[in-house]
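# Inside the fold
Chain by chain, the residues:
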Amino acid sequence: MVDATGAAGSGASKLLSVWHDLRLPIVLGVTFAYVYWKYCFYQPRATIPKRDGKSRDLKHSASDDEYSDDDHDVVVAHSQKDKEQGRNTLMSAAPDFTELSSTNGSPAALTTSTTPRKTRGAKVFTRHSKIANTQPVPAKSDIYIFYSTLTGTSEKYALHLKSSLSQNSGLSMRDIHVQNLDYLDDLDSYFVSPARSLYNAVYLFVIPSYASESPLDFFIETLKDTYNDFRIDSRPLRNLGGYAVFGIGDREGWDDDMYCYQAMLVDKYLRKLGAPRAFPVGTGNVKGNANDEFEEWISHLSDNLADPVSVSEMIDIGDSDDEEVEDVDEDADGADSLNLSETTSAKDVIDVEDMGVIIENSRISNESTTKKAMVGRDTPTYNALTKQGYTIVGSHSGVKICRWTKSALRGRGSCYKFAFYGIKSHLCMETTPSLSCSNKCVFCWRHGSNPVGTTWRWQVDPPDVILKGALEGHYAKIKQMRGVPGVQAARFAEAFTVRHCALSLVGEPIFYPHINEFVRMLHERGISSFLVCNAQHPEQLKALKQVTQLYVSIDASDKESLRRIDRPLHRDFWERFNQCLDIIRNKTSQRTVFRLTLVKGFNASEVLGYAKLVRQALPCFIEIKGVTYCGTSATTSGQNGTMNGGSKGSLTMANVPFYEEVRDFVLQLNASLKDLGLDYDIATEHAHSCCILIAQNRFKIDGEWYTHIDYARFFELLREGGEFGPMDYIAKSPSWALFGSEQAGFNPEDERVVSKKSKAYKIEQRAI
């Protein structure tokens, strides 16, 4: 008996010991099983309203069997009332666009409905909406063209739009429906609770402008009420394949703020309801070239619809009226690309003259297989750069669009390069063939996240591969801007033809072993080249061939300041720096530029030292720019000491000079240059970039500055093959870009936007 009791006690002790050892996994396992069952198998029942006033249960399921399209009838034809008024719904040929007729005699039947609106959209629960969103959408996406009209003009435009899209080979397989919003019996089935048959459909709108009340007002109020109704899904149109709006109006009879305002409202509320914008809003002036503007809009719209970005790739825009776009990380491999030149196939006959190029590409390819990648996928460097909005090209290159490109697309101004040299920002690609740098500057945009080195020890990608990847990555970033409010359709279309390339971004472009081949390929495509270097690679600088404009960053005037600001990796950095200045002096065939970045508390007081460096190199131009604050960086900590106005080892807003301080520095530098007998003067400015340009007086002809570039002439000189210099392809600077002008370098054709926060901050700082 004692033995039995002892055995029982021993068994209980062992069981208790096992429980103590395994209790945590057991508890976690049971919890996981419950959660899995709760959210994957258990599905509550909800009710949806039926047309007969009764309700029935709806079980949320991955199957579509219980979703009846009878609950969401789709009207795909004009009403009988429309037919009785003699409106045509089909058109065999493009309509003959005529001038808009007057709105007199509008039919009484088109008055706005005043009956209470009935909401039939069911509230979508978050958990189950995720299940619904993962359902497959129809592979075939129909196109619905909606219009509103009192005089019949918008109907003609809508029918012409249908005819044009039907003739597009990429859209010929889609069903295209034309709907009159004025006679649409059930707006809810399209804009509140769309049936599953409308998932991935494309909505196109032709919207007129009326000063008097019209049925269009009821449609806009419907969209507005749907957005503000808390009882139903706030984004019911998120499953559409896209939408686009074209507005018709009279620019002469309306103020700029009211021109095509109803089209703008439709675009605004469709986006707020979750619909992805497929193409920017287009407008047509009936007292101008409305027909031509409509044809151009259709042309670009057709191209986008034939090769669209999926809904998941669209930028998600917030609900505020002043919407801004954030950089979206996107793999360039999945983005749409242009049809760039392909390599010669094995079946083609190879010309003897092409053998040298083929052998060179083969040699570069062999180099790539023996060394490691500079920026490998899934490495911390790759992740850091892509998080900052870069598209990594190959193993050592990158591309990114800057905020000025986005600004130019929205008609809000280009960067200082437009005022100084005539570069429109939406036509400029900012890229680098080498993400590695030989400096670790305290004001670096990338906060030290890019690789560094003094010699090239990585794989080498062929220049044609880099150029193709850079263009594809750039165009993919541009394509993301299609859903941004305010993007101008014309500029958006122009942006897909790059005309300028800024070889700066980050890293050291001249460090790339085949930089000359890369620049030559740019020029062959009619793309100008603006190359920036840090004056640390004299051999590569000396071997550099013709570029459109050559920059050298001059961040300090003496050895100690350069060590403290640029933190170069070369031990002989000062000797290299001076060698590069001597090379710049001898490159008389190049347009050369000194770029001075002023960091308050670091180098903003070394006026005479900078003037002596200018005397040594004699560059054509001198750019003086205030540093751009990109956030506090841990990489600036350490031996740098305490900066004026900032904490030890960190760059703060206190180190960013105001434009007035930059201007004072420029006036002092210009006076010092004259004291040294140098023939320079202040030419142009761009206050919005906090940047001013000093130029040699030879660019001032008959009292007029010629700092802009004649790009057509530059490429013509390249094709001729002879020697030419910077004075051979100059162009006159516009009056609004001149130093001291009222516009201060801002193009008056663009819209200047100053945020309240920025304005308040500047007032506060000046008061201090």
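Quick notes on the rules
- Residues numbered from 1 in each chain as written.
- Predicted model: local features only at pLDDT ≥ 70, side-chain atom pairs only at ≥ 80, totals over all residues.
- Heavy atoms only, no water.
- Pairing = 2+ DSSP bridges.
- Helix = DSSP H or I, 4+ residues; strand = E, 2+ residues; numbered from the N terminus.
- Axes fitted to C-alpha atoms, helices over the stretch in contact; angles between N-to-C directions.
- Expected span 1.5 Å × (residues − 1).
- Buried < 20%, exposed > 50% of the residue type's maximum accessible area, 1.4 Å probe, protein only.
- Arc of directions from axis to C-beta.
- Patch = residues over 30% accessible without salt bridge, like charges linked within 9 Å, V, L, I, M, F, W, Y side chains within 5 Å.
- Areas by Shrake-Rupley, 256 points an atom, 1.4 Å probe, with all protein chains shown as cover.
- Salt bridge = Lys/Arg side-chain N within 4 Å of Asp/Glu carboxyl O.
- Phe/Tyr/Trp six-rings, centres within 6.5 Å; stacked < 30°, edge-to-face > 60°.
- Lys NZ or Arg CZ within 6 Å of the ring centre and 35° of its normal.
- pLDDT = per-residue confidence, 0-100.
- Contact = heavy atoms within 4.5 Å.
- Parallel < 35°, antiparallel > 145°, perpendicular 65-115°, else oblique.
- Left-handed = near helix turned anticlockwise from the far one by under 90°.
- Nonpolar A, V, L, I, M, F, W, Y, C, P; charged D, E, K, R; others polar.

### Describing the sheet that holds strand S4 (residues 176–180)
The five strands lie next to each other as S4-S3-S5-S6-S7, forming an open sheet whose pairing is parallel. Every interior strand has two partners, whereas the edge strands, S4 and strand S7 (282–285), have only one. Mean inter-strand twist for the sheet, computed between neighbouring axes without regard to direction, equals 15 degrees. Relative to strand S6 (residues 242–249), strand S5 (residues 202–207) runs parallel, the two sharing six bridges. Bridged to isoleucine 207 within S6 is glycine 247.

### Looking at helix H6 (residues 215–228)
The α-helix winds at 3.6 residues per turn, so residues separated by three or four positions along the chain end up facing the same way. With 14 residues, H6 extends 20 Å from end C-alpha to end C-alpha; this agrees with the ideal 20 Å at 1.5 Å per step. Within the span of H6, buried status applies to Pro215, Leu216, Phe219, Ile220, Thr222, Leu223 and Thr226. Burial along H6 is one-sided: seen end-on, the buried residues are contained in an arc of 155 degrees.

### A word on the pairing of S5
Among the six residues that make up S5, six are buried, leaving the element largely enclosed by the rest of the structure. Residues Val202, Leu204 and Val206 point to one face of S5 and Tyr203, Phe205 and Ile207 to the other, with burial holding for every one of them. Sheet analysis places strand S3 (residues 143–147) next to S5, joined by five bridges and oriented parallel. Bridging from a neighbouring strand, tyrosine 147 pairs with valine 206 of S5.

### Regarding a nonpolar patch on the surface
A surface patch of nonpolar side chains, amounting to about 620 Å² of accessible area, comprises Leu16, Val18, Trp19, Leu22, Ile26, Val27 and Val30. Note on placement: leucine 16 falls in helix H1 (residues 2–40). Judged by its relative accessible area of 48%, leucine 16 falls in the partly exposed class.

### Remarks on the packing of aromatic side chains
Taken as a whole and assessed by the stated rule, the structure comprises 36 aromatic pairs. Measuring from ring centre to ring centre gives 5.1 Å for phenylalanine 146 and tyrosine 203, while their planes differ by 75 degrees; the resulting arrangement is edge-to-face. Placement of the pair is phenylalanine 146 in strand S3 and tyrosine 203 in strand S5, with a sequence separation of 57 residues. For the pair shown, phenylalanine 146 and tyrosine 203 are each scored as buried. Seen from their ring centres, phenylalanine 714 and phenylalanine 724 are 6.1 Å apart, and the 80 degrees between their planes marks the pair as edge-to-face. Taken together, the residues span a long stretch of sequence, with phenylalanine 714 in helix H21 (residues 711–720) and phenylalanine 724 in the loop between H21 and strand S21 (730–731) at a distance of 10 residues. Over the ring of tyrosine 259 we find arginine 251; its NZ or CZ atom is 4.1 Å from the centre of that ring. Across the ring face of phenylalanine 602, the terminal group of arginine 564 is positioned such that the distance to the ring centre comes to 4.5 Å.

### A closer look at the confidence of the model for the protein chain
Averaged over the protein chain, the pLDDT score is 77; the fraction of residues at 70 or greater is 71%. Counting interchain partners and residues more than four positions distant, the pLDDT-below-50 stretch residues 633–649 has 34 contacts.

### Considerations on the environment of valine 614
Mapped onto the elements of the fold, valine 614 is located in helix H19 (residues 607–617). A residue is classified by how much of its surface remains accessible, and valine 614, at 2% relative accessible area, is buried. For the pair valine 614 and phenylalanine 594, spaced 20 residues apart in sequence, the C-alpha separation works out to 8.0 Å.

### Brief notes about the packing of H6 against helix H7 (residues 261–272)
The geometry of H6 relative to H7 is characterised by a closest axis approach of 9 Å and an angle of 25 degrees between their N-to-C directions. In this view, H6 runs roughly parallel relative to H7, as classed from their interaxial angle. The two elements H6 and H7 meet at a crossing, and its hand is left-handed. Facing Leu216, Asp217, Phe219, Ile220, Leu223, Lys224 and Tyr227 of H6, the residues of H7 in contact are Gln262, Leu265, Val266, Tyr269, Leu270 and Lys272. Here the residues of the contact of H6 with H7 sort into nine nonpolar, one polar and three charged.

### Quick look at the pattern of salt bridges
With the rule as written, the count across this model stands at 11 salt bridges. A salt bridge links lysine 287 to aspartate 250; the shortest N-O distance between them is 3.2 Å. Residue lysine 287 is located in the loop between S7 and helix H8 (290–306), and its partner aspartate 250 is located in the loop between S6 and H7; the two are separated by 37 residues in the primary sequence. Judged by its relative accessible area of 44%, lysine 287 is partly exposed. For arginine 563, the salt bridge identified is with glutamate 560, shortest N-O distance 3.7 Å. Linking arginine 563 with glutamate 560, this pair stays in helix H17 (residues 559–566), spanning three residues, or about one helical turn. Three or more residues joined by partner-sharing salt bridges are found here, namely Arg713, Glu716 and Glu720.

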